[in-house]
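# Observations on chain architecture
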Amino acid sequence: MKWSASAPANIALIKYMGKLDGNKNLPLNASLSYTLDHCRTFVEVEISAGDSDIWQPLNIKNSYPMQLSETGKLRFLKHLKLLKDHFVCNINFLIKSANNFPADCGLASSASSYAALTKAACLAIAEIKQLPALSTVEMAGLSQLGSGSSCRSFYEPWCIWHENTVKQIELPFQKLLHQVIVINNEKKLISSSEAHKLVQSSALYLHRKERSEQRLEELLLALVNKHWKQSYILCWQEVWDMHSLFETSAKPFGYMTDLSLKVINSIRNLWEKHDDGPIVTMDAGPNVHLLYREDQRALADTIQELMKSEFAVIKNYE
């Protein structure tokens, strides 16, 4: 028998950076995310005759080659064991997964991966043990234990996550146009999990919670009132707040590159010239996410043309 599931990535506009409880992946601060339904992980689960769980890449059409490091593989299978223990299930599984976007380079692939694994494994175990299906809230809570931000991938398009509470919220701009300017799709040298630990040594970390939650309050107000420019300004501030934590840690590290700066400065120049443009955000990686209103499709197409000669561009519209 075989069970399949998929889950989307999500991009946080107010970032989750720092943990209250590392074992439960409880975030230091509340975060706000937009779900990227077109950037997905696909997982297949089947019963294995072996004496342990196994992971393999899944070969499907339009997927990126998926190779997990030994550490990544162990972490992925550790989450599967957590799910099996939760259901008191002793069956071993073969897990296959694939992304339709690059992994481990700051595009939130861990969020979609752990959400998809949680969905597929819960589906398989519930059927095998003849248990009732888990609710979305229950699955999101279990997924959070493997990858904190994965709990947001169960809700769309807008989601708020604060400690143990994750929920969909109603906001304007229900359908944004999304582009990722892929500066570099190689595996990050410092994972997001490591970054959460390292930033705690930054002097800027002391008041990070207060800054981010004040910014969240202001961003929600801006979005509710459809103040697009103010939303752009607040998201821009949040990007630099997070990346400043990286650069001011006791052992400084960073993800931005000269090309990252080239892209985001070109967007800033656009805003200065036209007093309009896309919202800019970045995760813990060099790649740049751009979010447009639906009426900005012509602008999105123009930027796509400008960028595609130098960068790969992933988009969610035709």
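Residues numbered from 1 in each chain as written. Predicted model: local features only at pLDDT ≥ 70, side-chain atom pairs only at ≥ 80, totals over all residues. Heavy atoms only, no water.

This next bit is on the overall build of the chain. Looking only at helices and strands, the chain has eight helices and twelve strands in total. Taking 2.2 N^0.38 as the reference for a compact globule, 318 residues should give roughly 20 Å; the C-alpha atoms of the chain span a radius of gyration of 19 Å, in line with that estimate. For the C-alpha atoms alone, the extent of the chain along its principal axes is close to 60 × 40 × 40 Å. Within the chain, contacts between residues separated by at least 24 positions form 74% of all contacts whose residues are at least 6 apart in sequence. When the accessible surface of the chain is summed, it comes to about 14,500 Å², and 52% of that surface belongs to carbon and sulfur atoms. Treating the 34 positive side-chain charges of the chain as one cloud and the 34 negative ones as another, the clouds have centres 2 Å apart. (Helix = DSSP H or I, 4+ residues; strand = E, 2+ residues; numbered from the N terminus. Rg over C-alpha atoms; globule rule 2.2 N^0.38 Å. Contact = heavy atoms within 4.5 Å. Areas by Shrake-Rupley, 256 points an atom, 1.4 Å probe, with all protein chains shown as cover. Lys, Arg positive; Asp, Glu negative; His and termini not counted. Charge placed at Lys NZ, Arg CZ, Asp CG, Glu CD.)

So, on to the side chain of asparagine 10. Within the fold, asparagine 10 resides in strand E1 (residues 2-14). Residue asparagine 10 is classed as buried on the basis of its relative accessible area of 1%. Polar contacts involving the side chain of asparagine 10 include one to the side chain of arginine 152, which spans 2.9 Å. At 2.9 Å, the side chain of asparagine 10 and the side chain of serine 153 are in polar contact. Beyond its immediate chain neighbours, meaning those up to four positions away, asparagine 10 contacts Ser33, Tyr34, Thr35, Leu36, Ala108, Ala111, Ser149, Arg152, Ser153 and Asp283. (Buried < 20%, exposed > 50% of the residue type's maximum accessible area, 1.4 Å probe, protein only. Polar contact = N/O pair within 3.5 Å; in protein donor to acceptor, adjacent residues only side chain to side chain.)

Moving on: the environment of proline 278. Within the element layout of this structure, proline 278 appears in the loop between helix H7 (258-274) and strand E10 (279-281). Classification of proline 278 by relative accessible area gives buried; the value is 0%. Between the C-alpha atom of proline 278 and that of glutamine 296, which follows or precedes it by 18 residues, the distance is 8.2 Å. Setting aside residues no more than four positions away along its own chain, proline 278 makes contact with Trp228, Tyr232, Ile267, Leu270, Trp271, Leu290, Leu291, Tyr292, Gln296, Leu299 and Ile303.

Turning our attention to helix H1 (residues 70-87). The end-to-end C-alpha distance of H1 is 26 Å, a good match for the 26 Å that 18 residues give at a rise of 1.5 Å each. Restricting attention to buried positions, one finds in H1 the residues Phe76, Leu77, His79, Leu80, Leu83, Lys84 and Phe87. With its buried residues spanning 145° around the axis, H1 presents them on a single face. Along H1, exposed side chains directed more than 90 degrees from the buried face belong to Glu70, Thr71, Leu74 and Lys78. Summarising the contacts, the buried residues of H1 are in contact with strand E5 (54-57), strand E6 (93-99), helix H2 (109-128) and helix H3 (136-146). Once H1 finishes, valine 88 follows within two positions and takes phi at roughly 50°, a positive value. (Expected span 1.5 Å × (residues − 1). Arc of directions from axis to C-beta.)

Here the focus is the packing of H1 against H2. For the pair H1 and H2, interaxial distance at closest approach is 10 Å and the crossing angle is 35°. In this structure, H1 meets H2 at a crossing whose hand is right-handed. Residues Arg75, Phe76, His79, Leu80, Leu83, Lys84 and Phe87 of H1 pack against Ser113, Tyr114, Leu117, Thr118, Ala121, Cys122 and Ile125 of H2. When the residues that make up the contact of H1 with H2 are grouped by side-chain class, the tally is nine nonpolar, three polar and two charged. (Axes fitted to C-alpha atoms, helices over the stretch in contact; angles between N-to-C directions. Left-handed = near helix turned anticlockwise from the far one by under 90°. Nonpolar A, V, L, I, M, F, W, Y, C, P; charged D, E, K, R; others polar.)

Leu32, Trp158, Ile181, Leu219, Val280, Val288 and Leu290 are the most contacted members of the largest nonpolar core, which has 53 residues in total. If one sorts the elements of this core by residue count, helix H6 (residues 228-247) sits on top with six residues. Those residues in contact with leucine 290 that lie beyond four places of it in its chain are Leu177, His178, Gln179, Ile181, Ile267, Pro278, Ile279, Val280 and Ile303. By size, the runner-up hydrophobic cluster in this structure holds 36 residues, among which are Tyr114, Ala121, Leu134 and Trp161. (Core = buried A, V, L, I, M, F, W, Y, C linked by side-chain atoms within 4.5 Å.)

So, about the pairing of E1. Most of E1 sits out of view: ten of its 13 residues are buried. Note: E1 against strand E4 (residues 31-47), twelve bridges, orientation antiparallel. Residue pairing across strands places alanine 12 opposite serine 33, the latter belonging to E4. (Pairing = 2+ DSSP bridges.)

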